[in-house]
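Given next are the chains, with one letter for each unit.
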Amino acid sequence: MSIKATIMNAATGQQIQKHMFGRMPFVGTAFHLETGERVSALRVDVGKPAPGSFATPVDVWVRPKETEAA
């Protein structure tokens, strides 16, 4: 079962993109953003599904290189 997660910028708190994982991501999971940049998960938040929904929101927090320099 695939997991659709929202990728969040840990420095700014803004959404970067949506990403499909083959299984549940964990802290330290490395993957590539749409820009081609390789990042690792700093934090994984699993939310509570909305009433009447089976989709559980998953947020993966990363720190892209362009925000580290700033």
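Placed above this text is the structure.
Residues numbered from 1 in each chain as written. Predicted model: local features only at pLDDT ≥ 70, side-chain atom pairs only at ≥ 80, totals over all residues. Heavy atoms only, no water.

Enquirer: I'm lost on the sheet that holds strand β1 (residues 3–9) in this one. Help?
Expert: In any sheet, the strands associate via hydrogen bonds between backbone groups, in a parallel or an antiparallel arrangement. Read from one edge to the other, the open sheet built from four strands follows the order β2-β1-β6-β5, with strand pairing classed as mixed. Pairing within the sheet leaves two strands with one partner each, and these edge strands are β2 (15–21) and β5 (43–46). When strand polarity is set aside, the average angle formed by the axes of neighbouring strands in this sheet is 25°. In terms of strand pairing, β1 meets β2 through six bridges, oriented antiparallel. In the sheet register, Lys4 faces β2, and the bridge partner there is Met20. (Pairing = 2+ DSSP bridges. Helix = DSSP H or I, 4+ residues; strand = E, 2+ residues; numbered from the N terminus. Axes fitted to C-alpha atoms, helices over the stretch in contact; angles between N-to-C directions.)

Enquirer: It is not clear to me how the layout of surface pockets should be interpreted in this structure. Could you clarify?
Expert: The gaps left among the atoms become clear once a water-sized probe is rolled over them. Roughly 190 Å³ of internal volume is contained in the largest pocket. Of the residues that constitute the lining of the largest pocket, the class distribution is eight nonpolar, two polar and one charged. (1 Å grid on protein atoms, 1.4 Å probe; cavity = no way out; pocket = protein on both sides within 12 Å on 5 of 7 lines; lining within 4 Å. Points joined across faces, edges and corners; volume = space filled by probe spheres on them. Nonpolar A, V, L, I, M, F, W, Y, C, P; charged D, E, K, R; others polar.)

Enquirer: Is there a simple way to explain the packing of aromatic side chains in this structure?
Expert: Applying the stated rule across the entire model yields one aromatic pair. Measuring from centroid to centroid gives 5.2 Å for Phe21 and Phe31, while their planes differ by 85°, and the two rings are edge-to-face. Of the two residues, Phe21 sits in strand β2 while Phe31 sits in strand β3 (residues 30–32), which places them ten residues apart along the sequence. Both residues of the pair, Phe21 and Phe31, belong to the buried class. In this structure, Arg43 packs its charged tip against the face of Trp61, placed 4.4 Å from the ring centre. (Phe/Tyr/Trp six-rings, centres within 6.5 Å; stacked < 30°, edge-to-face > 60°. Buried < 20%, exposed > 50% of the residue type's maximum accessible area, 1.4 Å probe, protein only. Lys NZ or Arg CZ within 6 Å of the ring centre and 35° of its normal.)

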